[in-house]
Amino acid sequence: MQPSVSKTFRNRREKILAELGSIFEKSTILFLVEYGHLCGDEINELRFKLRSAGAKFKAVKKTIAKIAVAENILEKNVSNCANSSRMPLGIVFAQKDDPVHVVKTLYDFARKDTSRIKVLCGVVCERVLDDENAVGKIATMPTTDQLYVQLTTLLCAPLHLL
């Protein structure tokens, strides 16, 4: 005897919610993205670029994303972003100490064509970014390596330049 369809679906949904919950707990960088106007090749390109930056992209059904965000993230701004979405949602997440490279990659991809992908909101190092300007500000920051180079050149410069 096979289990009923609703029971199978419920078990599968609970498994996905548990997986998303563990992703939310472990990640230091998390963004909700509308990706409804992207074709398959563009989604694969986005995944490849994010993977090279140390992040991952996961496409999630809207209802499951809303439930997962409401259960796991206490910030109301993030759950409001998920509830206001009308397009398919994706989750960009990473477990890095330096979020700038991931944010730059996502921002550059979204900037190519703003009508095809939209960054709704995110959580970076436990801080909520609920507008696109905040994401742009982080994306224009120098990376840790660039800051090290700037510091080294300042230390190596003659004293009269300091």
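What comes next concerns the included structure.

The rules behind each value
Within any chain, residue numbers begin from 1 and follow the written order of that chain's sequence. Note on the predicted model: pLDDT of at least 70 is required for a residue's local features to be given, and 80 or more for side-chain atom pairs to be given and counted; whole-chain, interface and lining totals, by contrast, use all residues. Each side-chain value is derived from all of the structure's non-hydrogen atoms; neither hydrogens nor water enter the calculation. Numbering goes from the N terminus for both helices and strands, where a helix is a DSSP run of H or I of at least four residues and a strand is a run of E of at least two. Accessibility here uses a 1.4 Å probe with only protein chains present; expressed as a share of the type maximum, an area under 20% marks a residue as buried, one over 50% as exposed, and anything in between as partly exposed. A contact between two residues is defined here by any heavy atoms of the two lying within 4.5 Å. Working definition of accessibility: Shrake-Rupley area with a 1.4 Å probe, residue cover restricted to the visible protein chains. Residue types Ala, Val, Leu, Ile, Met, Phe, Trp, Tyr and Cys, when buried and joined through side-chain atoms within 4.5 Å, form a set referred to as a nonpolar core. Two strands are counted as paired when DSSP detects at least two bridges linking them. Pairing of aromatic rings covers Phe, Tyr and the six-membered ring of Trp, with a centre-to-centre limit of 6.5 Å; geometry is then stacked below 30 degrees between planes, edge-to-face above 60, and tilted otherwise. Here an angle of 0 to 180 degrees is reported between the N-to-C directions of two axes, which are lines fitted to C-alpha atoms, with helices fitted over the stretch in contact. Whenever a carboxyl oxygen of Asp or Glu lies within 4 Å of a side-chain nitrogen of Lys or Arg, that contact is scored as a salt bridge.

A few points about the overall build of the chain
Working step 1: A tally of helices and strands in the chain yields seven helices and five strands.
Working step 2: Here the chain holds 162 residues, and the buried ones make up 37% of them.
Working step 3: Excluding contacts between residues fewer than 6 apart, the proportion of contacts in the chain whose partners are at least 24 apart in sequence is 83%.
Working step 4: For the chain, the computed accessible surface area is about 10,400 Å², with 53% contributed by carbon and sulfur atoms.

Comments concerning the nonpolar core
Working step 1: Ranked by internal contacts, the top residues of the largest apolar core, which has 26 residues, are Phe31, Leu46, Val92 and Leu106.
Working step 2: Sorting the residues of this core by element identifies strand S1 (29-34), helix H2 (40-52), strand S2 (55-60), strand S3 (89-94), helix H5 (100-112), strand S4 (118-124) and helix H6 (132-139) as the ones contributing at least two each.
Working step 3: Element by element, the count of residues in this core is highest for H5, at five residues.
Working step 4: Counting residues in hydrophobic clusters, the runner-up holds 17 residues, among them Leu17, Leu20, Ala68 and Phe93.

Points about the side chain of Thr105
Working step 1: Position of Thr105 among the secondary structure elements: in helix H5.
Working step 2: Contact partners of Thr105, with chain neighbours within four places excluded, come to Lys49, Leu50 and Ala53.

Remarks on the pairing of S1
Working step 1: Where burial is concerned, most of S1 is hidden: six out of the six residues are buried.
Working step 2: Side-chain alternation along S1 places Ile29, Phe31 and Val33 on one buried face and Leu30, Leu32 and Glu34 on a second face that is also buried.
Working step 3: Alignment of S1 against S3, held across six bridges, turns out to be antiparallel. The residue bridging Ile29 from the neighbouring strand is Ala94, located in S3.
Working step 4: Relative to S4, S1 is paired through six bridges, and the arrangement is antiparallel. In the sheet register, Val33 faces S4, and the bridge partner there is Val119.

Here's the deal with the packing of aromatic side chains
Working step 1: Evaluated as defined, the whole model comprises one aromatic pair.
Working step 2: For the pair Tyr35 and Phe57, a centre-to-centre distance of 5.5 Å together with 90 degrees between the ring planes defines the contact as edge-to-face. Of this pair, Tyr35 sits in the loop between S1 and H2 while Phe57 sits in strand S2, and the two are 22 residues apart along the sequence. Accessibility assignment for this pair places Tyr35 and Phe57 in one class, buried.

What about the sheet that holds strand S5 (residues 127-129)?
Working step 1: Taken in spatial order, the five strands of this open sheet run S2-S3-S1-S4-S5, and their pairing is antiparallel. Either end of the sheet is taken by a strand with one partner, and the two such strands are S2 and S5. Each adjacent strand pair in this sheet contributes to an overall mean axis angle of 15 degrees, direction not counted.
Working step 2: Most of the contacts of H2 go to S2, to which it runs at about 145 degrees, and overall it touches S2 and S3.

What to know about the pattern of salt bridges
Working step 1: According to the stated counting rule, one finds two salt bridges in the structure shown.
Working step 2: Lys58 is the partner of Glu19 in a salt bridge, and the nearest nitrogen-oxygen pair spans 3.3 Å. You can see Glu19 sitting in helix H1 (residues 5-26) and its partner Lys58 sitting in strand S2, a full 39 residues away along the chain.
Working step 3: Given the relative accessible area of 36%, Glu19 is considered partly exposed.

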